[in-house]
Amino acid sequence: MLSTFKNTALANLIILSGVFLVACQQQEQNSITGYIEGDYTYLSTASSGFVSEAPVSRGQAVIAGQPLFKVDTAPEDEGLAQANAQVDAAKNQVKNLQAAKRETEIAALMANLTSAKAALQLAEIEYKRQSSLLSQKFVSASVVDAAKSNRDQAKATVSALQAQIATYRSPIGRTGEVGAATANVSSAESVVRQKAWLVAHQSATAPQNGLVSEVFYQPGEWVNAGSPVVRFLADNKRLIRFYIPEALRTKYQTGQVISVTCDGCGQPISATVRFISASAEYTPPVIYSEQSRSRLVFRAEATISGNRTALPLGLPVSIKAANHE
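Going along each chain's sequence as written, the residues are numbered from 1 onward. Local features in a predicted model are, by the rule used here, given only for residues with pLDDT of at least 70; side-chain atom pairs are given and counted only at 80 or more, and totals for whole chains, interfaces and linings are based on all residues. The side-chain quantities take in all heavy atoms of the structure and omit both hydrogens and water.

> Help me understand the confidence of the model for the chain, please; the structure alone is not making it clear to me.
Detail in the predicted coordinates should be disregarded across regions flagged by low pLDDT. One confidence number per residue, pLDDT, is output by the predictor and ranges from 0 to 100. Looking at the chain, the pLDDT average stands at 80 and 81% of residues meet or exceed 70. Note that pLDDT drops below 50 for residues 1-28; the model gives that stretch one contact with residues more than four away or on any other chain. Whether two residues are in contact is decided by their heavy atoms, any of which lying within 4.5 Å being enough.

Rendered as structure tokens:
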């Protein structure tokens, strides 16, 4: 009788263990693993140079606008000064070509013109007088011809002075020369903008509140153009990186909301799938499920709703699609 009871209890225990194992396996099938990762911003310099300032350190929390680093701008400052001087020179050239002769020269010509007009007036009077005397037979025709020649010469002198004054009042340069000089101004100003941009991008400030994840160069070290000096993680740029088993791939799509849980996180965290790899890959060495080590998986990423600065990077999490039961 006792043996029968023991056999019945053992059978019930095996059945309960099987039910528990099946439930665990169902839960394992619906829940996958991942970890907290950062969507980093790599802040670099536009030109090569020596780092002159790096007032932050790895792991430091910073606020938007806080200086992160500065590269020596002396060469770019000199280039900017040279470019500004070239702009000034080009503008002065345009101004000179558009300007008239000096006012003192024009004033001298005006005085000569006044004198020439007076001489013309006298020559005109003399010519008329001699013409009248010729009609009265008091002078010969040659005298009248001489008076007419003097008058015509006086007229030519006045016309020449008027034309010369008009020329002196016109711009020195021809239209083509002025156009070329104006183009030189535009070209020089473009160089100034380029140099100013380089100077402005020799330093960086925090684009928003966040964390300095890494400082790659210290003051006195040489950094090449385009090389990141600081790796920055904004407060709202933490994400979930996880691996979807091949059997569950159809249950996840980009734009889908997922539920994320972790030790000490309290209520489940809402996240949105932003990326799923197009091809399968083998499970990476660091994974948090012995059962999934040999499976093919699809790497995926999901953005976390809101600022989750309390979530440490590398924290293991469990992911469950929102429509899973």
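Now that the structure has been shown, we can carry on.
> Just checking my understanding: could you explain the packing of aromatic side chains for this structure?
Each aromatic ring pair is characterised by the separation of its centres together with the angle its planes make. Centre distance within 6.5 Å is the pairing criterion for rings of Phe, Tyr and Trp, where only the six-membered ring of Trp is used; planes under 30 degrees apart are then read as stacked, over 60 as edge-to-face, and the remainder as tilted. Within the structure shown, the criterion is met by two aromatic pairs. With 6.2 Å between their ring centres and 55 degrees between their planes, F242 and Y252 make a pair best called tilted. One end of the pair, F242, is in strand β10 (residues 238-245); the other, Y252, is in the loop between β10 and β11 (257-261), and 10 residues separate them in sequence. Taken individually, F242 and Y252 each receive the classification buried, so the pair is uniform in this respect. Above the face of the Y127 ring, R151 is positioned so that its terminal group lies 4.6 Å from the ring centre. Each helix is a run of DSSP H or I of at least 4 residues and each strand a run of E of at least 2, with the numbering of both proceeding from the N terminus. Three exposure classes are used, based on accessible area relative to the maximum for each residue type with a 1.4 Å probe and protein chains only: buried under 20%, partly exposed in between, and exposed over 50%. Comment: the charge-over-ring label is applied if NZ (Lys) or CZ (Arg) is within 6 Å of the ring centre and within 35 degrees of the ring normal.

> Please explain the pairing of strand β5 (residues 67-71) as it appears in this structure.
Every regular strand shows the same layout, with side chains that alternate between the two sheet faces. Here two bridges tie strand β3 (residues 49-53) to β5, and the two strands are oriented antiparallel to one another. Following the sheet pairing, V51 is matched in β5 by V71. If DSSP finds at least two bridges between two strands, the strands pair. Bridge analysis of β5 against strand β6 (residues 203-205) gives three bridges, and the strand direction is antiparallel. Bridge pairing links P67 to T205 in β6.

> Please clarify how the state of the cysteines should be interpreted in this entry.
Two cysteines joined by a covalent bond between their sulfur atoms form a disulfide. Note on terminology: pairs of cysteine sulfur atoms within 2.5 Å are recorded as disulfides. Enumeration according to the criterion identifies one disulfide in this entry. Covalent S-S linkage joins C262 and C265, the inter-sulfur distance amounting to 1.4 Å. Across the S-S bond of C262 and C265 the torsion is about -70 degrees, and the bridge reads as left-handed. Using a relative accessible area of 21% as the deciding quantity, one classes C265 as partly exposed.

> Looking at this structure, how should I read the sheet that holds β5?
Backbone-to-backbone hydrogen bonds pair the strands of a sheet. The strands run either parallel or antiparallel. The strand order across the open sheet formed by four strands is β6-β5-β3-β8, and the pairing between neighbours is antiparallel. Strand pairing shows two members of the sheet lacking a second neighbour, β6 and β8 (222-223), which therefore form its edges.

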